Amino acid sequence: MMNEIRTDEGRRKFLIKLALGMAGISAIAASVPVLASFFAPLLERPSGTWRPVADLEGFDPGSTRLVRFENSDAEAWSGKTARTAAWLRRNGDNSFTAFSANCTHLGCPIRWETEAHLFMCPCHGGAYYPDGTVA
(Lines give C-alpha, C1' and ligand atoms only; values in the text may rest on other atoms or scores of the structure.)
Protein backbone atom coordinates (compact mmCIF):
# COMPACT_ATOMS: atom_id res chain seq x y z
CA MET A 1 0.00 0.00 0.00
CA MET A 2 2.91 2.37 0.65
CA ASN A 3 4.24 1.76 -2.83
CA GLU A 4 0.90 2.76 -4.33
CA ILE A 5 0.91 6.07 -2.41
CA ARG A 6 4.49 6.84 -3.48
CA THR A 7 3.66 6.00 -7.07
CA ASP A 8 0.59 8.24 -6.98
CA GLU A 9 2.59 11.09 -5.45
CA GLY A 10 5.33 10.68 -8.04
CA ARG A 11 2.80 10.61 -10.85
CA ARG A 12 1.00 13.67 -9.41
CA LYS A 13 4.27 15.63 -9.14
CA PHE A 14 5.20 14.66 -12.69
CA LEU A 15 1.81 15.76 -14.05
CA ILE A 16 1.98 19.08 -12.13
CA LYS A 17 5.46 19.77 -13.53
CA LEU A 18 4.31 18.80 -17.01
CA ALA A 19 1.25 21.09 -16.79
CA LEU A 20 3.34 24.01 -15.49
CA GLY A 21 5.90 23.47 -18.23
CA MET A 22 3.23 23.43 -20.94
CA ALA A 23 1.64 26.58 -19.45
CA GLY A 24 5.04 28.31 -19.47
CA ILE A 25 5.67 27.35 -23.10
CA SER A 26 2.18 28.60 -24.02
CA ALA A 27 2.79 31.90 -22.20
CA ILE A 28 6.09 32.42 -24.01
CA ALA A 29 4.51 31.60 -27.38
CA ALA A 30 1.66 34.04 -26.72
CA SER A 31 4.01 36.82 -25.63
CA VAL A 32 6.13 36.75 -28.81
CA PRO A 33 3.61 38.62 -31.03
CA VAL A 34 2.82 41.07 -28.22
CA LEU A 35 6.49 41.91 -27.70
CA ALA A 36 7.06 42.09 -31.45
CA SER A 37 4.27 44.65 -31.81
CA PHE A 38 5.95 46.82 -29.17
CA PHE A 39 9.49 46.62 -30.52
CA ALA A 40 8.89 46.47 -34.30
CA PRO A 41 8.25 50.24 -34.67
CA LEU A 42 11.56 50.93 -32.92
CA LEU A 43 13.45 48.81 -35.42
CA GLU A 44 11.77 50.12 -38.59
CA ARG A 45 13.32 53.00 -40.46
CA PRO A 46 10.94 55.66 -41.73
CA SER A 47 10.72 55.72 -45.49
CA GLY A 48 11.49 59.44 -45.78
CA THR A 49 10.28 59.53 -49.37
CA TRP A 50 10.04 63.01 -50.84
CA ARG A 51 7.15 63.56 -53.22
CA PRO A 52 6.38 66.48 -55.47
CA VAL A 53 3.19 68.15 -54.31
CA ALA A 54 2.97 71.38 -56.31
CA ASP A 55 4.31 73.03 -59.41
CA LEU A 56 6.10 76.28 -58.51
CA GLU A 57 4.96 77.87 -61.74
CA GLY A 58 2.35 80.50 -60.83
CA PHE A 59 2.68 79.82 -57.10
CA ASP A 60 3.35 83.36 -55.89
CA PRO A 61 5.00 84.09 -52.52
CA GLY A 62 2.33 84.73 -49.89
CA SER A 63 -0.31 82.65 -51.67
CA THR A 64 -1.97 79.59 -50.13
CA ARG A 65 -3.07 76.69 -52.31
CA LEU A 66 -4.61 73.25 -51.81
CA VAL A 67 -2.25 70.51 -53.03
CA ARG A 68 -3.19 66.86 -53.50
CA PHE A 69 -0.67 64.05 -53.26
CA GLU A 70 -0.26 60.39 -52.37
CA ASN A 71 0.57 59.62 -48.76
CA SER A 72 4.22 58.56 -48.47
CA ASP A 73 3.55 55.74 -46.01
CA ALA A 74 0.54 54.27 -47.80
CA GLU A 75 0.23 50.52 -48.03
CA ALA A 76 -0.31 48.68 -51.31
CA TRP A 77 -3.93 47.95 -50.37
CA SER A 78 -4.75 51.59 -49.45
CA GLY A 79 -6.23 52.47 -52.83
CA LYS A 80 -7.96 55.84 -52.94
CA THR A 81 -7.46 56.40 -49.23
CA ALA A 82 -3.76 56.93 -49.92
CA ARG A 83 -4.68 60.16 -51.71
CA THR A 84 -4.52 63.09 -49.32
CA ALA A 85 -4.29 66.86 -49.40
CA ALA A 86 -2.77 69.79 -47.55
CA TRP A 87 -2.81 73.55 -47.72
CA LEU A 88 0.57 74.89 -48.81
CA ARG A 89 1.67 78.50 -48.35
CA ARG A 90 4.68 79.86 -50.18
CA ASN A 91 6.48 82.18 -47.75
CA GLY A 92 9.44 83.03 -49.95
CA ASP A 93 11.44 81.66 -52.85
CA ASN A 94 12.29 78.36 -51.14
CA SER A 95 10.27 78.61 -47.92
CA PHE A 96 6.89 76.90 -47.49
CA THR A 97 4.46 76.18 -44.68
CA ALA A 98 2.12 73.21 -44.88
CA PHE A 99 -1.21 73.00 -43.07
CA SER A 100 -3.54 70.08 -42.59
CA ALA A 101 -6.58 70.03 -44.86
CA ASN A 102 -8.75 68.93 -41.92
CA CYS A 103 -10.05 70.87 -38.91
CA THR A 104 -8.87 69.98 -35.43
CA HIS A 105 -12.41 69.61 -34.11
CA LEU A 106 -13.81 66.63 -36.04
CA GLY A 107 -11.54 66.34 -39.06
CA CYS A 108 -13.85 68.09 -41.53
CA PRO A 109 -12.18 69.38 -44.71
CA ILE A 110 -11.30 73.06 -44.33
CA ARG A 111 -10.91 75.74 -47.00
CA TRP A 112 -8.76 78.84 -47.27
CA GLU A 113 -10.67 82.10 -47.59
CA THR A 114 -8.29 84.50 -49.35
CA GLU A 115 -10.29 87.66 -48.65
CA ALA A 116 -10.72 86.91 -44.94
CA HIS A 117 -7.20 85.47 -44.52
CA LEU A 118 -8.69 82.57 -42.54
CA PHE A 119 -9.02 78.82 -42.82
CA MET A 120 -12.73 77.99 -42.46
CA CYS A 121 -14.49 74.76 -41.49
CA PRO A 122 -17.87 74.48 -43.25
CA CYS A 123 -19.24 71.87 -40.83
CA HIS A 124 -19.13 73.67 -37.51
CA GLY A 125 -18.09 77.23 -38.35
CA GLY A 126 -14.55 76.80 -37.06
CA ALA A 127 -12.04 79.42 -38.09
CA TYR A 128 -8.23 79.35 -38.01
CA TYR A 129 -5.77 82.20 -38.42
CA PRO A 130 -3.19 82.15 -41.25
CA ASP A 131 -0.63 80.56 -38.88
CA GLY A 132 -3.06 77.70 -38.13
CA THR A 133 -4.07 78.73 -34.60
CA VAL A 134 -7.73 78.67 -33.63
CA ALA A 135 -9.51 81.99 -34.23
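Model, not experiment: these values are computed from the prediction.

Participant: Mind showing me how you'd approach the sheet that holds strand β5 (residues 118–120) here?
Facilitator: Strands belonging to one sheet form pairs held by backbone hydrogen bonds; the direction of such a pair is parallel or antiparallel. Taken in spatial order, the three strands line up as β4-β5-β6 in an open sheet, and their pairing is antiparallel. Edge positions in the open sheet fall to β4 (111–113) and β6 (127–128), since each of these has one partner strand only.

Participant: Could you clarify how one ought to interpret the sheet that holds strand β2 (residues 83–90) in this entry?
Facilitator: On the basis of which strands lie adjacent, the open sheet formed by three strands has the order β1-β2-β3 and antiparallel pairing. In this open sheet, the two strands that pair with only one neighbour each are β1 (64–70) and β3 (96–100). Averaged over all pairs of adjacent strands, the angle between strand axes in this sheet comes to 35°, irrespective of strand direction.

Participant: What am I meant to see in the packing of aromatic side chains here?
Facilitator: What characterises a pair of aromatic rings is the spacing of the ring centres plus the angle enclosed by the ring planes. Applying the stated criterion across every chain yields a total of four aromatic pairs. Ring centres of F59 and F96 lie 5.9 Å apart, and the angle between their planes is 50°; on these two criteria the pair is classed as tilted. Note that F59 is positioned in the loop between α1 (2–43) and β1 and F96 in strand β3, a separation of 37 residues in sequence. Here a set of aromatic residues connected by ring pairs shows up, and it is made of W87, F99, W112 and F119. Sitting over the ring of F59, R65 keeps its end group 4.1 Å from the ring centre. Its end group placed over the ring of W112, R89 keeps NZ or CZ at 5.1 Å from the ring centre.

Participant: Please explain the nonpolar core as it appears in this structure.
Facilitator: As a rule of thumb, soluble globular proteins bury nonpolar side chains together. Judged by nonpolar contacts, A85, W87, F99, A101, C103, C108, I110, W112, F119, C121 and Y128 together constitute the single largest core of 11 residues. Here F99 is in contact with A86, W87, R89, F119, P130, D131 and G132, once residues within four sequence places are set aside.

Participant: Help me understand the pattern of salt bridges in this model?
Facilitator: For the structure on display, the rule yields one salt bridge. Its salt-bridge partner being R111, residue E113 comes within 2.5 Å of it at the nearest N-O pair.

Participant: I tried to follow the environment of L66 on my own but got confused; where do I start?
Facilitator: Structurally, L66 is set in strand β1. Residue L66 is classed as partly exposed on the basis of its relative accessible area, which comes to 32%. Residues in contact with L66, not counting those within four places in the same chain, are A85, A86, W87 and A101.

Thresholds, definitions, all that
Residues numbered from 1 in each chain as written. Predicted model: local features only at pLDDT ≥ 70, side-chain atom pairs only at ≥ 80, totals over all residues. Heavy atoms only, no water. Pairing = 2+ DSSP bridges. Helix = DSSP H or I, 4+ residues; strand = E, 2+ residues; numbered from the N terminus. Axes fitted to C-alpha atoms, helices over the stretch in contact; angles between N-to-C directions. Phe/Tyr/Trp six-rings, centres within 6.5 Å; stacked < 30°, edge-to-face > 60°. Lys NZ or Arg CZ within 6 Å of the ring centre and 35° of its normal. Core = buried A, V, L, I, M, F, W, Y, C linked by side-chain atoms within 4.5 Å. Buried < 20%, exposed > 50% of the residue type's maximum accessible area, 1.4 Å probe, protein only. Contact = heavy atoms within 4.5 Å. Salt bridge = Lys/Arg side-chain N within 4 Å of Asp/Glu carboxyl O.

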